[in-house]
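# Topology and contacts: notes
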Amino acid sequence: MKNLTPQTIKMLVLKFAGTFGSSVLSFAIGLYILHRTGSALSMGVTLVTGPVVSLLLTPFVGYVVDTMSHRRIMLSAQVVTSAALVAFGAVFKLWPAQYFAELIALIIVLQVTDNFLSTTLTASLVQLFEGRELQRVNSLNQSITSLAAFLAPLIGAWLYTLVAIDTFAYIEVLFELTALVAILLLKFRPVVQPATPQPRESVLNNFKTGFAYVKSQRLILTIMISSAAVNFLFAAMNVGLPYLLIQTLKLSNQQYGLVDSGFAVGMFSGGILLAAITIRTHPIRFSYFNLFLLGAMFTTTGLPALFSWPSWLSTAFFWLQSMLNGVLMVLINTPANTFKQQIIPQNLQGRVFSLDLTISTLLAPIGTLVFGALFDYFAAPLLFGIAGSGLLLLTLVVTTVISRQHLLDRPENQVPEAGQN
């Protein structure tokens, strides 16, 4: 896109280098464990390790982000990540038979550093950008993340046939160092401090302060709770779509891969679209309008199975739907995230965003288990209809609560003009 500022370009380099490198490594680790063990349980252990670590880290991440220099945290995270990758490469060479324990240890370290980096980066955006540029950067970040997620399996699969798993770690170091240079070049504005100096708190009291703030902000709390419910219901798509395409409709692996690519294409397109437009209404109202559209589209997911469409038509339908799902997810999440960055006090953002991430993703694993079991016993069109209706009902309930309590009209929920951050 034209007219990108140097600050924006540095941010996009940071986002792409970090996301692409870690996505390629994650792809390689999953493939390696699956090939070495042939066990879904072993694969599951690697998948559940990250969320468990994130949950345990929640109070500490918020405390560090809100009490230390953001630049220093991000640089430290990059240095520790690079050191861990180099150490893994060396240890793997010496003791290749202990690969599983070594990979789990690496996953834990990378999850810790990623939690600190991602939360700090989210809390820092209001220091780095303001006003219209903040929404634009959030949108472009989403596009860059989607592009990296789309390319990572393709590049990862190609590299996997050429190099050993420890070489993947060394390749990842190059991306982490690129991100580190981008962080060094970013220009941070000073954090806005409270008018009255606050006494230094313990980790527990610091977390309690952040939790008390969230409880006092009805709109933010409502958004967090509804995000958890959305993630629970969206698990129906994550679990059910592969089942519907492969088991029910008998589409080929190539057709399934094509459908799967549509989501990344949609998220990339949605980020570009959102960066180019100006939202004329309250961002939360805009987000829930698009959530309603997502729910409506969700209910149509089972149509090809109901009417026995030919495989080419089913493939085209699901690709288009996946692409639109990706666009809508950006139009739902990015304005809401930008809004929170603008209204949450800077000295609380680390705690609030860490708590937000934990609450929002809390029900996703439960949703995966529930819908995974349900799809074994009930028809896919029925379950997609129920999940879509659930999203529609959730949207109506939340928007009714917001409207009746006049939450969008409260002074603390007004988006500040540029220059007021």
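Now for a look at the structure at hand.

Cut-offs used in this document
Residues numbered from 1 in each chain as written. Predicted model: local features only at pLDDT ≥ 70, side-chain atom pairs only at ≥ 80, totals over all residues. Heavy atoms only, no water. Helix = DSSP H or I, 4+ residues; strand = E, 2+ residues; numbered from the N terminus. Rg over C-alpha atoms; globule rule 2.2 N^0.38 Å. Buried < 20%, exposed > 50% of the residue type's maximum accessible area, 1.4 Å probe, protein only. Core = buried A, V, L, I, M, F, W, Y, C linked by side-chain atoms within 4.5 Å. Contact = heavy atoms within 4.5 Å. Axes fitted to C-alpha atoms, helices over the stretch in contact; angles between N-to-C directions. Parallel < 35°, antiparallel > 145°, perpendicular 65-115°, else oblique. Nonpolar A, V, L, I, M, F, W, Y, C, P; charged D, E, K, R; others polar. Phe/Tyr/Trp six-rings, centres within 6.5 Å; stacked < 30°, edge-to-face > 60°. Patch = residues over 30% accessible without salt bridge, like charges linked within 9 Å, V, L, I, M, F, W, Y side chains within 5 Å. Areas by Shrake-Rupley, 256 points an atom, 1.4 Å probe, with all protein chains shown as cover. Salt bridge = Lys/Arg side-chain N within 4 Å of Asp/Glu carboxyl O. Expected span 1.5 Å × (residues − 1). Bend = angle between axes of the 7 residues up to and from the residue.

### Re the overall build of the protein chain
- In terms of regular secondary structure, the protein chain is built from 15 helices and zero strands.
- For the protein chain, the C-alpha radius of gyration of 22 Å lies close to 22 Å, the compact-globule estimate for 421 residues.
- By principal-axis analysis of the C-alpha atoms, the protein chain measures approximately 65 × 60 × 45 Å.
- Here the protein chain, with 421 residues, has 49% of them falling under the buried criterion.

### So, the nonpolar core
- In this structure, Leu219, Ile284, Leu294, Phe298, Phe318, Ile344 and Ile402 are the most contacted members of the largest nonpolar core, which totals 58 residues.
- When contributions to this core are tallied by element, the ones reaching two or more residues are helix H2 (40-67), helix H4 (99-128), helix H7 (203-216), helix H8 (218-248), helix H10 (283-298), helix H12 (311-343), helix H13 (349-361) and helix H15 (380-404).
- With 13 residues, H8 is the largest single contributor of residues to this core.
- Setting aside its immediate chain neighbours within four residues, Phe298 contacts Leu233, Phe234, Ala236, Met237, Phe384, Ala387, Gly388 and Leu391.

### What about the packing of H7 against H8?
- Their axes nearest at 5 Å, the elements H7 and H8 cross at an angle of 95°. Comparing their axes, H8 and H7 come out roughly perpendicular. Between H7 and H8, the contacting residues are Tyr213, Val214, Lys215 and Ser216 on the first element and Arg218, Ile220, Leu221 and Met224 on the second.
- Within the contact of H7 with H8, the residues separate by chemical class into five nonpolar, one polar and two charged.

### Observations concerning unusual backbone geometry
- One non-glycine residue, His406, lies in positive phi territory at about 55°.
- Looking at the element boundaries, His406 is found in the segment after H15.

### Section: the side chain of Gln217
- Within the secondary structure, Gln217 sits in the loop between H7 and H8.
- Judged by relative accessible area, which is 13%, Gln217 ranks as buried.
- Leave out the neighbours within four places in its chain, and Gln217 touches Glu412 and Asn413.

### Observations regarding the packing of aromatic side chains
- Inspection of the entire model under this criterion finds nine aromatic pairs.
- Between Phe317 and Phe318, the ring centres sit 5.2 Å apart and the planes meet at 80°, which makes this aromatic pair edge-to-face. Neither residue differs from the other here; Phe317 and Phe318 are each classed as buried.
- Connected via pairs of aromatic rings, a cluster forms that spans Phe234, Phe298, Phe375 and Phe384.

### Looking at a nonpolar patch on the surface
- A contiguous nonpolar surface patch, about 390 Å² in accessible area, is contributed by Leu55, Leu362, Leu363, Ile366 and Val370.
- In this fold, Ile366 is placed in helix H14 (residues 364-374).

### Quick word on the environment of His70
- Summarising the element assignment, His70 is placed in helix H3 (residues 70-94).
- As for His70 and Ala123, which are separated by 53 residues in sequence, their C-alpha atoms are 8.4 Å apart.
- Leaving out residues up to four positions away in the same chain, His70 has contacts with Val65, Thr120, Ala123, Ser124, Gln127 and Phe188.

### What to know about the environment of Ile107
- Along the chain, the position of Ile107 falls in helix H4.
- Sequence-wise, Ile107 and Phe211 are 104 residues apart; in three dimensions their C-alpha atoms are separated by 28 Å.

### Here's the deal with H4
- The first and last C-alpha atoms of H4 sit 40 Å apart over 30 residues, in line with the 44 Å expected at 1.5 Å per residue.
- Of all the bends in H4, the greatest measures close to 30° and is centred on Thr122.
- For H4, a buried count of 21 out of 30 residues is recorded, marking the element as mostly surrounded by other parts of the structure.

### Structural notes on the environment of Asn3
- Looking at the element boundaries, Asn3 is found in the segment before helix H1 (6-37).
- Measuring from C-alpha to C-alpha, the distance between Asn3 and Val109 comes to 38 Å, with 106 residues separating the pair along the chain.

### Quick word on the pattern of salt bridges
- Inspection of the entire model under this criterion finds two salt bridges.
- The partner of Lys93 in a salt bridge is Asp166, and the shortest N-O contact between them spans 3.9 Å. Placement of the pair is Lys93 in helix H3 and Asp166 in helix H6 (residues 165-185), with a sequence separation of 73 residues.
- You can call Lys93 exposed: its relative accessible area is 61%.
- The partner of Lys340 in a salt bridge is Asp356, with the nearest N and O atoms 2.6 Å apart. Here Asp356 lies in helix H13 and Lys340 lies in helix H12, a separation of 16 residues in the sequence.

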